[in-house]
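Notes for the structure review
One letter stands for each residue in the lines below.
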Amino acid sequence: MVEEIVRLEPQLFGAQVQHTTTARKMELWQRIVDRVNAVGQHPRNRDDIRKRWNDLRGKVRSMVSRHNIAVQKTGGGTPPQPPEFTTWEEQVLVILHPEGLAGVGGGMDSGESNLNYFIPPPTGMPNHTPALPLHPITHPPC
């Protein structure tokens, strides 16, 4: 399921989404359903697959968020290790947009942080992208 969604990501969520009609998106989701049902024992429908995708995406976001929160904690010591992702979690991570993981810049913040947030690089995936450095919201001095 994840591999098929990653393959169709530009049309479902990415750069081509503005040029993809609702009917075409429904066809693409149905193609994913058909592929899942071809290998699974329990028939799934479009809503089942979309819910599962949202759950998987949320799990990966949560893992990255928990790591970034741990990095911000004070107290010294060794920095926390990045989360270990399974193959499918790495595939989900590749297509999540940085803003969805660290927030959108330009908001108000009461302090300034020099911490760097990051998304650990996926491993074992062909054509994987390097780690994406994400920087916290910074504001010019008043």
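Under an unreviewed UniProt entry, the protein has the name Myb/SANT-like DNA-binding domain-containing protein and belongs to Pleurodeles waltl.

This brings us to the overall build of the protein. For the protein, the helix and strand inventory stands at five helices and two strands. Counting from the amino terminus, helix and strand elements in the protein follow one another as α-α-α-α-α-β-β. A burial count over the protein gives 27% of its 142 residues as buried. The long-range fraction of contacts in the protein, counting pairs at least 24 apart against all pairs at least 6 apart in sequence, stands at 56%.

All right, on to the pattern of salt bridges then. Across all of its chains, the model carries five salt bridges by this definition. The salt bridge partner of Arg 24 is Glu 27, with a shortest N-O separation of 3.3 Å. With Arg 24 and Glu 27 both in helix 2 (residues 22-39) and three residues apart, the pair spans about one turn of that helix. Judged by its relative accessible area of 47%, Glu 27 is partly exposed. Via salt bridges that share partners, Glu 4, Arg 7 and Arg 35 belong to a single interconnected network.

With that out of the way, let us pick up helix 1 (residues 2-12). Inspection of helix 1 places Val 2, Glu 4, Ile 5, Leu 8, Glu 9 and Leu 12 among the buried residues, and these make up the whole buried set. Buried residues along helix 1 cover an arc of 165° about the axis, so they all sit on one side.

What follows is about the confidence of the model for the protein. Summing up the model confidence of the protein, the mean pLDDT is 75 and the portion of residues at 70 or higher is 67%. Throughout residues 125-139 the model reports pLDDT below 50, and contacts reaching past four residues in sequence, or to other chains, amount to 38 contacts.

On to the side chain of Glu 4, then. For Glu 4, the location among the structural elements is in helix 1. A relative accessible area of 7% places Glu 4 in the buried class. Setting aside chain neighbours within four positions, we find Glu 4 in contact with Arg 31, Ile 32 and Arg 35.

On to the packing of helix 3 (residues 46-72) against helix 4 (residues 87-95). Taken N-terminus to C-terminus, the directions of helix 3 and helix 4 make an angle of 85°; their axes are 10 Å apart at the nearest point. Our classification of the angle between helix 3 and helix 4 gives roughly perpendicular. For the pair helix 3 and helix 4, contact is made by Trp 53, Leu 56, Arg 57, Lys 59, Val 60, Met 63 and Val 64 and by Trp 88, Glu 89, Val 92, Leu 93 and Ile 95, respectively. When its residues are assigned to classes, the contact of helix 3 with helix 4 shows nine nonpolar, no polar and three charged.

Cut-off values and rules
Residues numbered from 1 in each chain as written. Predicted model: local features only at pLDDT ≥ 70, side-chain atom pairs only at ≥ 80, totals over all residues. Heavy atoms only, no water. Helix = DSSP H or I, 4+ residues; strand = E, 2+ residues; numbered from the N terminus. Buried < 20%, exposed > 50% of the residue type's maximum accessible area, 1.4 Å probe, protein only. Contact = heavy atoms within 4.5 Å. Salt bridge = Lys/Arg side-chain N within 4 Å of Asp/Glu carboxyl O. Arc of directions from axis to C-beta. pLDDT = per-residue confidence, 0-100. Axes fitted to C-alpha atoms, helices over the stretch in contact; angles between N-to-C directions. Parallel < 35°, antiparallel > 145°, perpendicular 65-115°, else oblique. Nonpolar A, V, L, I, M, F, W, Y, C, P; charged D, E, K, R; others polar.

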